[in-house]
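# Coordinate analysis (summary)
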Amino acid sequence: MNEAAIELRGAGKTFGRVRALDDLNLSLRAGELTALLGPNGAGKTTAIGLMLGLLQPSAGMVRVLGGDPRDARTRTQVGAMPQESALPPALKVREVVALFARMYPAPLPVEEALALADLLPLAGRRAGALSGGQARRLAFALAVVGNPAVLYLDEPTAGMDAGSRQAFWAAAERMKAAGKTILLTTHYLEEAERTADRVVVMNAGRILADGTPEQLRGSIATARVRFTSDLVLAELRNLPGVEAAESDGHGHATLTTRTPEALVTALVQSGTSFAELEVTRASLEDAFMNLTARHSA
Ligand SMILES: Nc1ncnc2c1ncn2[C@@H]1O[C@H](COP(=O)(O)OP(=O)(O)OP(=O)(O)O)[C@@H](O)[C@H]1O
């Protein structure tokens, strides 16, 4: 059933003295949409480069659909949307898509690829005349027109306006429903969270976290609970689920926890009088920033 469509085992990549990827182990199941997140330089594009067969691993192995990513048979089953793509400026949008379709054994109808990328109204425009966000949509059309089993999308929504983003995610949903294995990189965690089956967080060439969006939220999302009371630091630390506690000496306490409800319930049940209660949830974005910052040497 859901066997690995993409597999990296002990994969490493160095560029001179730069270790871009270090012992990467990743197994992506067929039909899943995985979001690869991480700060600039984390190694996301390099990982995609290995999976596309554009780069040779310095260590370990990479298999795509059971084969070597550089084999012609594998390549015709893979579509990619690079971070930057050079488009032939004089050709019209429809012509560029038709040109790409010819490179694949069983492509989608050109009109269908144009529709998926929300490009039908722009099909007659020269590629060189497209705006940045429109050019991203054309790059998406080129990635899907071959009707590939595996799709790599490197920051697909970068530069897109809100409407284009929405259209993009709707198209990604449709590709997923059609059974495609999709790996995309993004800096927009909240956006990816809605559609991704799985989120992999990378930093400095390594995987920091890997799971469903819910699991990721559960493992890294924290809340801050503030109040004033007579409790001393040791008592604050004893409250359930407290990960960090601070007290300013005037009774103002700031606690960090993943389970603010349990903490506040225990506080109430303890009978301690407290005031100025304030609970703020860190957004997943904040939690993700903390996670990657903590691991940056
Ligand atoms: N061809 C190359 N030569 C030298 N260093 C490289 C090369 N390609 C990538 N690197 C380095 O490898 C590291 C990982 O880069 P990579 O492009 O994979 O990161 P990324 O996670 O995709 O970042 P971004 O979010 O900025 O796209 C960086 O330190 C980068 O400078």
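Residues numbered from 1 in each chain as written. Predicted model: local features only at pLDDT ≥ 70, side-chain atom pairs only at ≥ 80, totals over all residues.

Per an unreviewed UniProt entry, the protein goes by ABC transporter ATP-binding protein YadG and derives from Deinococcus carri.

Before going further, it helps to examine the overall build of the protein. In terms of helices and strands, the protein carries 11 helices and 13 strands. Projecting the C-alpha coordinates of the protein onto the three principal axes gives extents of approximately 75 × 45 × 40 Å. Split into buried and exposed, the 297 residues of the protein put 37% on the buried side. Pairs at least 24 residues apart make up 68% of the contacts formed inside the protein by residues separated by at least 6 positions. (Helix = DSSP H or I, 4+ residues; strand = E, 2+ residues; numbered from the N terminus. Buried ≥ 20, exposed ≤ 12 C-beta atoms within 10 Å, placed from the backbone. Contact = placed C-beta atoms within 7 Å.)

Attention shifts here to the site of the ligand. Phe15, Val18, Ala20, Gly38, Asn40, Gly41, Ala42, Gly43, Lys44, Thr45 and Thr46 make up every residue found near the ligand. Top contributing element to the shell around the ligand by residue count: helix 1 (residues 44-52), with three residues. Grouping the constituent residues of the shell around the ligand by class yields four nonpolar, six polar and one charged. (Near = placed C-beta within 6 Å. Nonpolar A, V, L, I, M, F, W, Y, C, P; charged D, E, K, R; others polar.)

What follows covers the sheet that holds strand 1 (residues 4-15). Ordered in space as 2-1-4, the three strands form an open sheet in which the pairing is antiparallel. Edge strands, defined here as strands with exactly one partner in the open sheet, are strand 2 (18-29) and strand 4 (59-64). Mean inter-strand twist for the sheet, computed between neighbouring axes without regard to direction, equals 20°. Relative to strand 4, strand 1 is paired through five bridges, and the arrangement is antiparallel. The partner of Ile6 across the bridge, within strand 4, is Val64. Where helix 1 meets the sheet, it contacts strand 1, strand 2 and strand 4, and its direction lies at approximately 120° from that of strand 1. (Pairing = 2+ DSSP bridges. Axes fitted to C-alpha atoms, helices over the stretch in contact; angles between N-to-C directions.)

Looking now at unusual backbone geometry. Phi angles above zero are rare outside glycine, and Leu65 is one such case at about 50°. Counting through the fold element by element, Leu65 comes out in the loop between strand 4 and helix 2 (72-75). Leu65 gets classed as buried once you count the C-beta atoms within 10 Å, which come to 21. In this structure, Glu276 is a non-glycine residue whose phi angle is positive, near 55°. Relative to the helices and strands, Glu276 is located in strand 13 (residues 274-281). Residue Glu276 is classed as exposed on the basis of its 11 C-beta neighbours within 10 Å.

Turning to the environment of Tyr152, a few remarks are in order. Summarising the element assignment, Tyr152 is placed in strand 6 (residues 150-154). Residue classification places Tyr152 among the buried positions, given that 26 C-beta atoms sit within 10 Å. Between the alpha carbons of Tyr152 and Gly53 there is a distance of 12 Å; along the sequence they are 99 residues apart. Those residues within four positions of Tyr152 in sequence are excluded, and the remaining contacts are Ile48, Met51, Leu52, Ala80 and Leu183.

To continue, consider the nonpolar core. In terms of nonpolar packing, the biggest core is built from 68 residues, with Val97 and Ala141 touching the most fellow members. With sequence-adjacent residues up to four places away left out, Ala141 is seen in contact with Val97, Ala113, Leu114, Leu116, Ala117 and Leu119. (Core = buried A, V, L, I, M, F, W, Y, C linked by C-beta atoms within 7 Å.)

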